[in-house]
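Commentary on secondary and tertiary structure
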Amino acid sequence: MQKTPPRRSAALEAHPTVRKLRVLPTREPEALTLERVRAIALEAGADDAGVVSLDHPELLDEAPHARRALPSARSIVAIVLRTHADDVRSPARSVANLEFHRAAKDVDEVAHRVATALAALGHRSINPAMAFPMEMDAFPGRTWVVSQKKVAVAAQLGRMGLHRNVIHPRFGSFVLLGAVITAAAIDGAPEPLSFDPCVDCKLCLAACPVGAIEADGGFRFSACYDHNYREFMTGFEDFVEQVAESKSRHDFRERVSISQSASMWQSLAYKPNYKAAYCIAVCPAGEDVLGPFLTDRARFVEDVVRPLTSKPEPVYVVAGSDAEAHVKKRFPHKTVTRVQSSLRPASAASFFRAIPLTFQRGPARGWRATFHFDLTGPDATQATVRIDDGTLEVEPGLVGAPDLFVSAPGQLWLDIVSKKRSPVWAVLTRRLRVRGDRTLLTRFAACFPR
Ligand code: B12
Ligand code: SF4
């Protein structure tokens, strides 16, 4: 069938830019191979790079997010940049933080160079941030455009270590990751990485001040977040709430030490400062890094691990959390500093998605119960929650026989969870209805301290 040529408006055709472009030959986008794209990334300053199709089975969850940011997306370029291990390992937080921010800026610049190089070859490409800025309208849900850990693993640039970070076979844990989402279809698949760089030493587990790394590969998100991210999103909110609730300057000074205020100012003025990253710091894995650990493990622990674990410092925890119990038991020389968790759900439905992230195993040990929740209103949700000797299971709908049945308008339930409303008042006014063993409500609340 013959194609009808597009109708051209005379006014547009007379435009100088249009006239200039009409006489130029049209350029087809350049066909790309893995080797070519890798060379572009290395030339742009990456220490290692790979490529993965968005159809890769490990990226099925990521693909819709990538396509929301670039609708024509077909592949992702994974970028690795090294960090300087000695800086990251320093007990002086300012030194480690400077290195994280330096490397983070480099990742963004390298990714930008790759994105613009691919665009110049005719393929639309974008470079989401290494970390921040993120999509804060989705907070406290998923705010990142693409999970760079998943991309790097699918591109065979490393494997996830016990500490839930990607370990590069050569550079170890001392890397930050970037990703360029591109409309290009790139020919060639990476060679599979044939081994796991993690040497299973469990030093990350021993060094984490809040016990966020678990021996079975679990990760206590809220423990890490409440401490390490003290001067980020919700830690900052807690700080502001302290200001709002203080009755006088003297009351504020009782609540927040002068060094905490100064540290917050520094984070706002010079980019936010992490409080730990000790899991990465102590990790001996990776060909370029492993030597000293292999030569003399005891000395390695003395030189690298001990200065971090023995450092007296404030550790930010939520009262009643597993993290609080961990600091008191393992690091009595560190100062337990209680903060409010501001990881609060935005809707009744997201409440049930979020609770696995704030669940505390300690208060859930030694008992079991099934809870049915029937939350009503515009965001109506039904869910079954099972707590069984330190474990949590959440399932949509009302399944099995409950030990406690809870029904309330969704917004009221969120207000109770955030302590805006008293559960006693809600029960007395029959807005909150509970059937079964009511003491279970207190036990439930203890598993999600705020
Ligand atoms: C969210 C996030 C965090 C969260 C969660 C960490 C985590 N383990 O995922 C917090 C705030 C705790 C965090 C802390 C740190 N992070 Co961070 N973080 C990210 C981010 C934005 C997304 C991570 C991700 O893909 N998570 C989802 C899945 C893939 O991760 P997961 O391990 O399977 O899931 C765990 C948790 O994330 C959580 N979870 C799962 N789904 C969801 C959904 C939501 C909405 C939330 C909130 C949590 C959550 O539950 C799981 C528990 O096992 C990436 C940047 C990016 N755009 O990719 C950087 C990134 C992972 N972080 C990085 C770093 C360096 C750190 C810190 C060392 C920061 C520091 N300087 O102190 C610590 C290390 C903590 C640790 N041991 O993981 C690097 C890691 C580099 C590497 N070698 O892999 C990344 C890749 C940034 C980068 N571009 O280089 N981080
Ligand atoms: S510190 Fe040891 S156990 Fe933890 S991730 Fe590194 S190599 Fe694996």
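Residues numbered from 1 in each chain as written. Chains lettered and ligands numbered in written order. Predicted model: local features only at pLDDT ≥ 70, side-chain atom pairs only at ≥ 80, totals over all residues.

Points about the site of ligand 2
Put simply, the rule is: Using a C-beta atom placed from the backbone, a residue is scored as near a molecule or strand whenever that atom is within 6 Å of it. Gly counts as polar in this scheme, as do all residues outside two lists: the nonpolar Ala, Val, Leu, Ile, Met, Phe, Trp, Tyr, Cys and Pro, and the charged Asp, Glu, Lys and Arg. Segmentation into domains, and thus their bounds, comes from an automatic or database assignment.
If you check the shell around ligand 2, you find 14 residues, and the closest are Gly161, Cys198, Cys201, Cys204 and Cys283. Taken together, the residues that form the shell around ligand 2 break down as nine nonpolar, three polar and two charged. Split by domain, the residues of the shell around ligand 2 number at least three in each of domain 1 (32–187) and domain 2 (203–339).

Quick notes on the sheet that holds strand β7 (residues 175–182)
Counted only if it meets this: Strands are treated as partners if at least two bridges between them are detected by DSSP. Per the convention used, a helix needs a DSSP run of H or I reaching at least four residues, while a strand needs a run of E reaching at least two, with both numbered from the N terminus. We call two residues in contact whenever the C-beta atoms placed from their backbones are within 7 Å. Each axis is a line fitted through C-alpha atoms, and for a helix only the stretch in contact is used; angles between axes span 0 to 180 degrees, taken between their N-to-C directions.
With respect to topology, four strands assemble into an open sheet ordered β2-β3-β7-β4, the strand pairing being antiparallel. Looking at which strands have only one partner, the edges of the open sheet turn out to be β2 (48–53) and β4 (125–126). Across two bridges, the pairing between β4 and β7 is antiparallel. When the bridges of β7 are listed, isoleucine 126 appears paired with isoleucine 181. Sitting on the sheet, helix α3 (residues 34–43) is in contact with β2 and β3 (75–82), with an inclination near 140° to β2. On top of the sheet, helix α6 (residues 93–120) reaches β3, β4 and β7; it is set at about 25° to β7, its chief contact.

Remarks on the site of ligand 1
Residues in contact with ligand 1 amount to 30 residues; listed here are only the nearest, Ser147, Asn165, Val166, Phe219 and Ala277. When contributions to the shell around ligand 1 are tallied by element, the ones reaching two or more residues are α7 (148–154), β7, α9 (221–228) and α13 (278–281). Two domains each provide a minimum of three residues to the shell around ligand 1, namely domain 1 (32–187) and domain 2 (203–339).

Concerning α3
What counts here: For the exposure call, what matters is how many other C-beta atoms sit within 10 Å of a residue's own: 20 or more marks it buried, 12 or fewer exposed, and in between partly exposed, using C-beta atoms placed from the backbone. The arc refers to the directions leading from the helix axis to the C-beta atoms.
The set of residues buried in α3 consists of Leu34, Val37, Arg38 and Ala41. Viewed end-on, α3 has its buried residues packed into an arc of 100°, placing them on one side of the element. Away from its buried face by more than 90 degrees, α3 exposes Glu35 and Ala39. Taken from the residues just after α3, glycine 45 is the one with a positive phi, measuring 115°.

Concerning the nonpolar core
The test is simple: In plain words, the nonpolar core is the set of buried Ala, Val, Leu, Ile, Met, Phe, Trp, Tyr and Cys residues that C-beta atoms within 7 Å link up.
One finds Ile76, Val77, Ala78 and Ile79 to be the most contacted residues of the largest nonpolar core, which totals 85 residues. With nine residues, the top contributor of residues to this core is α6. Structurally, this core is a two-domain feature, drawing no fewer than three residues from each of domain 1 (32–187) and domain 2 (203–339). Residues Ile387, Ala408, Ile416 and Phe448 belong to the second largest nonpolar core, which totals 22 residues.

Observations concerning the environment of arginine 89
Along the chain, the position of arginine 89 falls in helix α5 (residues 85–89). Residue class for arginine 89 comes out buried when judged on the 22 C-beta atoms lying within 10 Å of it. Through-space distance from the C-alpha of arginine 89 to that of cysteine 283 is 9.6 Å; in sequence the pair is 194 residues apart. For arginine 89, the contacting residues outside a window of four places in its chain are Ala281 and Val304.

Section: the environment of arginine 368
Relative to the helices and strands, arginine 368 is located in strand β11 (residues 368–376). Residue classification places arginine 368 among the exposed positions, given that 12 C-beta atoms sit within 10 Å. Separated by 50 residues in sequence, arginine 368 and serine 418 place their C-alpha atoms 24 Å apart. Residues within four places of arginine 368 in sequence aside, it is in contact with Ile387, Asp388 and Asp389.

Observations concerning the sheet that holds β11
Spatially, five strands are ordered β13-β12-β11-β14-β15 in an open sheet, and the strand pairing comes out mixed. For this open sheet the edge positions go to β13 (391–396) and β15 (433–436), each flanked by a neighbour on one side alone. For this sheet, the mean inter-axis angle between neighbouring strands, taken without regard to orientation, is 15°. Most of the contacts of helix α18 (residues 410–417) go to strand β14 (residues 404–409), to which it runs at about 110°, and overall it touches β11, β12 (381–388) and β14.

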